[in-house]
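Here's the letter readout for the chains.
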Amino acid sequence: MTEHSKHDEEVVNSDGKKPLKMEEAVHIEVSDDIPPELEALLHTEPLLGLTDAQVQERTAQFGLNEIPEHKTNPLLKFLSYFLGPISYLLEIACILSGVFQSWIDFGILLAVLIINACIGFFEEARAESALDALKNTLALKSRCWRNGKLVEVDSSTLVPGDIIALRLGDVIPADCRLLGIGVTGEESEGTLQIDQSALTGESLPVQKGKGVTAYSSAIVKQGQMLAVVTKTGINTFIGRAANLISITTEEGHFQKIINSIGNFLVAITLAMAIALFFVRVWAVPDKPKDPLGERVRHSLLEVLVLTVAAIPVGLPTIMSVTMAVGASQLAKKQVIVKRLTAIEELASVSILCSDKTGTLTLNQLSFDVPYLSNRGNTTDNFEGTGVAYTEEDLLLTSFFASEPGAQDPIESAIRAAAQERVTVLRERVEQDHHIPGFKVNNFIPFNPTSKYTEATVTDLTTQKKFRCIKGAPQVIVRMVGGHDEATKAVNDFAKRGLRALGVAITVDDAMTKFEMVGMISLLDPPRPDSAHTIEECRKLGISVKMITGDQQIIGKEVAHRLGMHRTILDASKLIDDSIDEDALIDRCVKCDGFAQVIPEHKYKVVELLQKRGYLVGMTGDGVNDAPALKKANVGIAVEGCTDAARSAADIVLLAAGLSTIVDGVKTSRAIFQRMRSYALYRIASTIHFLLFFFISICAYGFSLPPILILMIAVLNDAATLVISVDNAQISQRPDKWRLGQLLTLSFVLGILLMIVSFAHFFVAKDGFGLTTLPEKGHEGVENAGKLQTIMYLQISSCPHFVIFSTRLPGYFYENAPSWTFIIAVAGTQVFAMFMSIFGIKVFEATAIGWGWGIAVLAISTVVFMALDVVKVAIIRSWSFELTVKLYPTKSRKALLEERVARRIVKERALANIAKCRKVLYMTMGLVAWKRTLKQRAKLTNGSASTVVVL
C-alpha cells in the first residue's frame, strides 16, 4: 500500500500535469460521549470478560439492558375520561335527573358518558404499544465472554464492560465499541458492515472499524469482531428514542378545540341556568303561593330540562361518528387511522416533515446514470476511437465481476440492474450466474486490501480471454494508469452524494493492460410518486421538509430530484447557541430540511415548528422516526415501517409511497368542514335556545313542556348525525378552527335566530290573541297550548335549517348537500310540522292547523337564506386584526405586532428585489443592445471588405 501511495504522488501525465485528486465521500459518525467514570469500566480483558460478581455489581448500578415500562392503572386511566367541561355538566345533569326520577334523561345522559369514555379509553392506549415495539427490536440472546468462556446469555443481562461477539446477521444487543479483535482473539484490521438505516435513516450500510461505536438494534451485514458494551437500556441510542416517546403525552389539538368550545358552552349554560333558577324561585315564581321547597324543586326540574336540551350532548358523539366514517373511507384507500382525532388534525397540517430513506426514497440502492469511457481510451487520450462504451457493456462487465448470491446491497443493485437492462442476461432461461456466450473461468471476491473484485472470462465466440475488475474508483483509476475524466465523474458523483464504482477490462492478449469502461453511480432513488406527491401537497398549501439521518450531500441530491429546493441544513444548525429560539424556528421554517439528524433532532424540529403555531405532520418508517412521529400532531408511518414507527404513529399507510397522503388530506379536509359546520350550527342553536328561554321565562313566564324541549334536542341531533356523509367542499389551504370567528358568528346567528323567534312569539301572542299561560276553561288551555306548539315548531325548524348554511363557508347554493342529508334534516322537520298541525297529546302538542304549520316552515326556510348572506359577509370580512379587536389578549396582541413587523420586512425585501430586477433587466437590455451593435458593425465591415476585394 505504501508503494502504491508513493507511485500516486509521483505519477504525472505526459503533459507534465499531475492527475486530478479523487474526492471521497466521508461518513460522519454520530458522536457518543462516554463519561470518565463509565470509561474506566470499559477496559475489560477481551478473552476473559467480566466475572459473575462484576456483572451483578454493574447490574445493580446500571440496571437491566431493557427499556423500562411505566404502566398506568387501567381503572384510573378509564376514569380520567370522565373529566372535562362537557363531561362535568353531563354528570351534574345525570345526578339531578336521578334525584328527580327523570329516568329517561338519566339513562340517555349516563349512556352518553360511558360511550364517550370507552371511545377515549380504547383509542388512546398507544404509548405502551410504542414502547413494547421498541423493546421487541432488541436482540433476545447474545454471545458474550464471561469468566473466560464464550457463552450465550440473555441480552437483558448485558452490562457496560461486557465483551460481546458480533457476526454476520447479528442484531447488536447494546451500544458497544468495536475492539478490532476477531471473536477468538486474533487482531483484525477489517471492518464491520452495519445496517443502521432503521436507527439513523442512512440509506447505505456503513463500515465501522476499531474504536467506533455500533448502536443497539443495528444489524451486522458483513464481518465479525469483538466489542465492549458501553451503554445499555434507556441510555442507548434506541433507549433515548424510547424515552422521548414516553415523555410525549401532550393533549391533542382536536381535544383542545373541543375543550375550548365545551368551556364556552358550559360557561354560558351555567350562567343562564343559575340566573334562571333564582328568577323562578324568588323574582318571577311560577306558583308564588307554593312553599319555598316546592318552588325550588319545581325550578330545579325546569332548569334541568333546559340545561339538558342546551348541552351539546351529541357534540362528542357526532364528531366521533363523522371521523369514524372518514376513517372507513380512508381504509378503502389503504390509509389506516389509529387515532380518530388525527383525521381532523391532518386537515389542519401546514408543514409535513418527511423522513427520506424508505419514505421519499425506495431504501434500496439502484443503478443511476453512469460515466462511460470511449473505447481505446488511455491515460493521455480519453477520446480513444471516439466510440463510447454502452451502458450494456458497463453492466455486463460489472456482472462478470460480481459475486453470485452475495447479500451485499451494492452487489445486489448491480446484478439487478444488469439482469434488467442487458439483453443477453434478460433473455436467458436460467436465472443464475450462467451467461450465454461467455464462461467465467476464475473469480476473486472482494477483500479490504485490494478493494476490488476480479473475474477472468472467456468469450466463447472468439475464444478470447480477458480480465474484468470492479471496485473502489481510486483503485480502478490506478489500475488503468490514471484517468482524469473518470476522476472528474467520480468527484461529481461524490458532490451529489452518489456511490461510485469503477469498472475496467483488459485489452491485450497478456491480460495485463486495463482500459477504463466507466464508472457506475448508485443512489437510493426517490419513489416514483414522491415528486408528484410533494407537488400536490404544495397545491394544498402544505410545505414539505426532508428530515434525514443521511449525509447532507445525499439529502441535497434527493431534494433536487424531487423538485424541492436544495436548502438542506446540517443537524448542527439545530443546536446553534449563537442565536435565540425565535431565530432557530425561523431557520426551521425557511429551510427545506435537515441532514445527519438523530432522533432527538427530528423531535426538536417538530417541537420548534409547533411552538410557532404550525400543526406538523411527520412521516417515517424507522425506529429513529418514532419519537418525532409521536410528538407530531399527526404521525404517519409508511408502508414497510418498523413496529416502533407503526405503534407511535396515528396513521399507517399500507400502500408504498406517500401518494395516499394526498387522499388522506383531501378526505380529512372534507371531514373537517362537516365537523366545523356542525359546531357552528350547534353553538348558534345553543345561544339561540338559552337566550330565548331565559328572556321568555323571566319576562313572560313562558316555556315549553319538558317533553317538547327534549324532542327538539333528540330529533335535531339525531338527524344531524348524517352530516358525516354529506357532500363537503375541500379547502385548498390548511383548515383552521378560528375560534374567534366561530364564536362571533355563532353569537350573531344565535341573536338573529332569537329575534326571529320573538317575532313569531309576539305575532302569535299579540296578533292572534294566544296566551302564554293557560287560562280558565278549555279555550284558554288550548290557546296556551297552541302558542307552545307554534314556538316548538319554530324553535325546532329555524335553527335546524340553518345547518344548510353553516355547512359551507360560501353561499349555501355553491355546493349541493347529499340527498341523505336533505332527507334526514327535512324529514325531522316535516314530522314536527305534521305533529304540530294535527297535535299529539302524548307529546303535549296542541293542533295548530295547516296555516300555522306551513307558514312557520316557510318562514324558517326564508330565514336560513337571509342568515346565509350574513354568514358569508362575516366570514369574508374576518381577519386576525378583527379577532384581536374583538378578543384582545396579551398573546394575540404580541402575535399581531410580530406579524405586522414581518409584513413590513417582507414588503421592504420585495420592493428591493423589484428594484434589483429592474436594474438587472436594464443591464441585460444594454448588453443585448451592445451585442446587436457589434453584430451590425461586423456585418458592415464584412460588406466593405467584400467591395474592396471585388
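No experiment lies behind these values; they were computed from the predicted model shown.

What counts and what doesn't
Residues numbered from 1 in each chain as written. Predicted model: local features only at pLDDT ≥ 70, side-chain atom pairs only at ≥ 80, totals over all residues. Heavy atoms only, no water. Helix = DSSP H or I, 4+ residues; strand = E, 2+ residues; numbered from the N terminus. Buried < 20%, exposed > 50% of the residue type's maximum accessible area, 1.4 Å probe, protein only. Contact = heavy atoms within 4.5 Å. Areas by Shrake-Rupley, 256 points an atom, 1.4 Å probe, with all protein chains shown as cover. Arc of directions from axis to C-beta. Pairing = 2+ DSSP bridges. Axes fitted to C-alpha atoms, helices over the stretch in contact; angles between N-to-C directions. Disulfide = S-S within 2.5 Å. Salt bridge = Lys/Arg side-chain N within 4 Å of Asp/Glu carboxyl O. pLDDT = per-residue confidence, 0-100. 1 Å grid on protein atoms, 1.4 Å probe; cavity = no way out; pocket = protein on both sides within 12 Å on 5 of 7 lines; lining within 4 Å. Points joined across faces, edges and corners; volume = space filled by probe spheres on them. Right-handed = clockwise from strand over helix to strand, strands pointing away. Patch = residues over 30% accessible without salt bridge, like charges linked within 9 Å, V, L, I, M, F, W, Y side chains within 5 Å. Lys, Arg positive; Asp, Glu negative; His and termini not counted. Charge placed at Lys NZ, Arg CZ, Asp CG, Glu CD. Parallel < 35°, antiparallel > 145°, perpendicular 65-115°, else oblique. Nonpolar A, V, L, I, M, F, W, Y, C, P; charged D, E, K, R; others polar. Core = buried A, V, L, I, M, F, W, Y, C linked by side-chain atoms within 4.5 Å. Phe/Tyr/Trp six-rings, centres within 6.5 Å; stacked < 30°, edge-to-face > 60°. Lys NZ or Arg CZ within 6 Å of the ring centre and 35° of its normal.

K.L.:
Explain the overall build of the chain to me, please; I cannot follow it from the model alone.
P.N.:
Each helix and strand in the chain was counted, giving 34 helices and 24 strands. The buried share of the chain, taken over its 950 residues, is 51%. Counting only contacts in the chain whose residues sit at least 6 apart along the sequence, the fraction spanning at least 24 positions is 71%. Only carbon and sulfur atoms are counted for the fraction: they give 60% of the accessible area of the chain, which is about 43300 Å².

K.L.:
Honestly, helix α20 (residues 530-539) in this entry has me stumped. Any pointers?
P.N.:
Residue pairs three or four apart in sequence face the same way in an α-helix, which turns once every 3.6 residues. Where α20 is concerned, the buried positions are S530, T533, I534, E536 and C537. For α20, the buried positions fall inside an angular range of 160° around the axis, keeping them on one side. Buried residues along α20 sit in contact with β11 (351-355), α14 (356-360), β19 (543-547) and α26 (659-700). Positive phi shows up at G541, right after α20, with a value of about 80°.

K.L.:
For this particular structure, what's the right way to read the sheet that holds strand β8 (residues 219-222)?
P.N.:
Two orientations exist for strands paired in a sheet by backbone hydrogen bonds: parallel and antiparallel. Pairing in this open sheet of three strands is antiparallel, and the strands run β6-β5-β8 from one edge to the other. Every other strand in the sheet has two partners, leaving β6 (206-208) and β8 as the edge strands with one partner each. Averaged over all pairs of adjacent strands, the angle between strand axes in this sheet comes to 45°, irrespective of strand direction. Bridge count for strand β5 (residues 192-195) against β8 is three bridges, and the pairing is antiparallel. When the sheet's bridge partners are listed, Q193 is paired in β8 with Q222.

K.L.:
Whenever I open this one, the state of the cysteines confuses me. Can you help?
P.N.:
Here a disulfide denotes one covalent bond, and it connects the sulfur atoms of two cysteines. Scanning all chains against the criterion turns up zero disulfides. C588 carries a free sulfur, and the closest cysteine sulfur to it, the one in C591, is 5.9 Å from it. Here C588 falls in the buried class, since its relative accessible area comes to 1%.

K.L.:
Would you take a moment to explain the sheet that holds β19 for this structure?
P.N.:
Ordered in space as β10-β24-β23-β22-β11-β19-β21-β20, the eight strands form an open sheet in which the pairing is mixed. Both edges of this open sheet fall to β10 (335-337) and β20 (568-570), since each of them pairs with a single strand only. Taking the axes of each pair of neighbouring strands and ignoring which way they run, one obtains an average angle of 20° across the sheet. Sheet analysis places β11 next to strand β22 (residues 616-620), joined by four bridges and oriented parallel. Note on β22: the bridge partner recorded for S354 is T619. Lying on the sheet, helix α13 (residues 341-348) is in contact with β10, β23 (634-637) and β24 (651-653); it crosses β23 at an angle near 100°.

K.L.:
Where do I start with the pattern of salt bridges in this structure?
P.N.:
Opposite charge on two side chains makes pairing possible when the charged atoms of those side chains draw close. Scanning the entire structure with this criterion turns up 26 salt bridges. The salt bridge partner of R146 is D162, with a shortest N-O separation of 2.8 Å. Remark: D162 occurs in the loop between β2 (149-154) and β3 (163-166) and R146 occurs in strand β1 (residues 141-146); sequence separation between them is 16 residues. Summarising the burial analysis for this pair, R146 and D162 share the class buried. Note that D726 is salt-bridged to R807, the shortest N-O span being 2.7 Å. Here D726, found in the loop between α27 (706-720) and α28 (739-767), pairs with R807, found in the loop between α30 (803-806) and α31 (819-838); they are 81 residues apart in sequence, far enough to count as distant. On the basis of relative accessibility, which here comes to 2%, the residue D726 falls in the buried class. Sharing partners across several salt bridges, the network here consists of D368, D492, R496, E557 and R561.

K.L.:
Explain the confidence of the model for the chain to me, please; I cannot follow it from the model alone.
P.N.:
Keep in mind that low pLDDT regions are not for reading the predicted coordinates in detail. Of all residues in the chain, 86% have pLDDT values of 70 or greater, and the mean over the chain is 81. Within the model, pLDDT remains below 50 along residues 1-12, and this stretch shows nine contacts once partners closer than five positions in the same chain are excluded. Every residue in residues 945-950 is under pLDDT 50, and counting partners more than four places away or in other chains gives zero contacts.

K.L.:
Would you mind showing me how to read empty space enclosed by the protein here?
P.N.:
One water molecule sets the probe size; rolling that probe over the atoms shows where empty space is left. Inspection of every chain in the model, using the stated rule, returns four cavities of 30 Å³ or more. Its volume calculated, the second largest cavity comes out at about 90 Å³. As for the second largest cavity, its lining consists of T269, M272, A273, L276, V303, L306, T307, F689, L690, F693 and F694. Breaking the lining of the second largest cavity down by element, the ones donating at least two residues are α10 (253-283), α11 (292-310) and α26.

K.L.:
When you look at the pairing of β23 in this model, what are you seeing that I'm missing?
P.N.:
Remember that side chains alternate between the two faces of the sheet whenever the strand is regular. Going residue by residue along β23, you find V634 and I636 tucked away on one face and G635 and A637 tucked away on the opposite face as well. With four bridges joining them, β22 and β23 adopt parallel strand pairing. Across the sheet, T619 pairs through a bridge with I636, a residue of β23. Each parallel crossover has a hand, and for β22 linked through helix α24 (residues 626-631) to β23 it is right-handed. Sheet topology note: the β23/β24 ladder contains two bridges and is parallel. Bridge assignment links I636 to a residue of β24, and that residue is I651.

K.L.:
Looking at this model, I keep getting lost on helix α15 (residues 391-400). Mind explaining?
P.N.:
Along α15, seven of the ten residues are buried, which leaves the element largely enclosed by surrounding structure. For α15, the set of buried residues is L394, L395, L396, T397, S398, F399 and F400.

K.L.:
Would you explain a positive patch on the surface in this entry?
P.N.:
Taken together, the side chains of K930, R931, K934 and K938 define a basic patch exposed on the protein surface. Considering the arrangement of structural elements, one finds K938 in helix α34 (residues 890-949).

K.L.:
Just to check I follow, could you spell out the packing of helix α22 (residues 581-590) against helix α23 (residues 599-611) for this structure?
P.N.:
The geometry of a pair of packed helices is captured by two quantities: the angle between their axes and the separation between those axes. The geometry of α22 relative to α23 is characterised by a closest axis approach of 9 Å and an angle of 105° between their N-to-C directions. Between α22 and α23, the interaxial angle falls into the category roughly perpendicular. Contacts between α22 and α23 involve E581, L584, I585, C588 and V589 from the first element and K604, L608, L609 and K611 from the second. Across the contact of α22 with α23, the residue classes tally to six nonpolar, no polar and three charged.

K.L.:
Sorry if this is basic, but what is going on with a nonpolar patch on the surface here?
P.N.:
There is a patch of nonpolar side chains on the surface, built from V830, F834, F838, W850 and I854 and spanning about 490 Å² of accessible area. When contributions to the nonpolar patch are tallied by element, the ones reaching two or more residues are α31 and α32 (849-877). Looking at the nonpolar patch element by element, the count peaks at three residues for α31. Inspection of the secondary structure assignment puts F838 in helix α31.

K.L.:
Looking at this model, I keep getting lost on the nonpolar core. Mind explaining?
P.N.:
What tends to happen in soluble globular proteins is that the nonpolar side chains get buried as a cluster. Counting 132 residues, the largest nonpolar core has I651, F692, W737 and Y792 as the members making the most contacts within it. If one sorts the elements of this core by residue count, α26 sits on top with 19 residues. Residue contacts for F692: discarding those within four places in its chain leaves F702, M754, S757, F758, F761, M791 and I795. Counting 53 residues, the second-largest nonpolar core is a separate cluster that includes C176, L199, A626 and A644.

K.L.:
Got a minute to help me understand the packing of aromatic side chains in this structure?
P.N.:
We describe a pair of aromatic rings using the distance from one ring centre to the other and the angle between the two ring planes. This model, assessed by the stated rule, comprises 25 aromatic pairs. Aromatic ring contacts, followed pair by pair, group F689, F692, F693, Y700, F702, F758, F761 and F762 into a single cluster. Taking the ring centre of F880 as reference, the NZ or CZ of R899 above it sits at 4.2 Å.

K.L.:
Looking at this structure, how should I read the side chain of E411?
P.N.:
Structurally, E411 can be placed in helix α16 (residues 409-421). With residues up to four places along the chain from it excluded, the contact list for E411 reads A401, S402, E403, A406 and K470.

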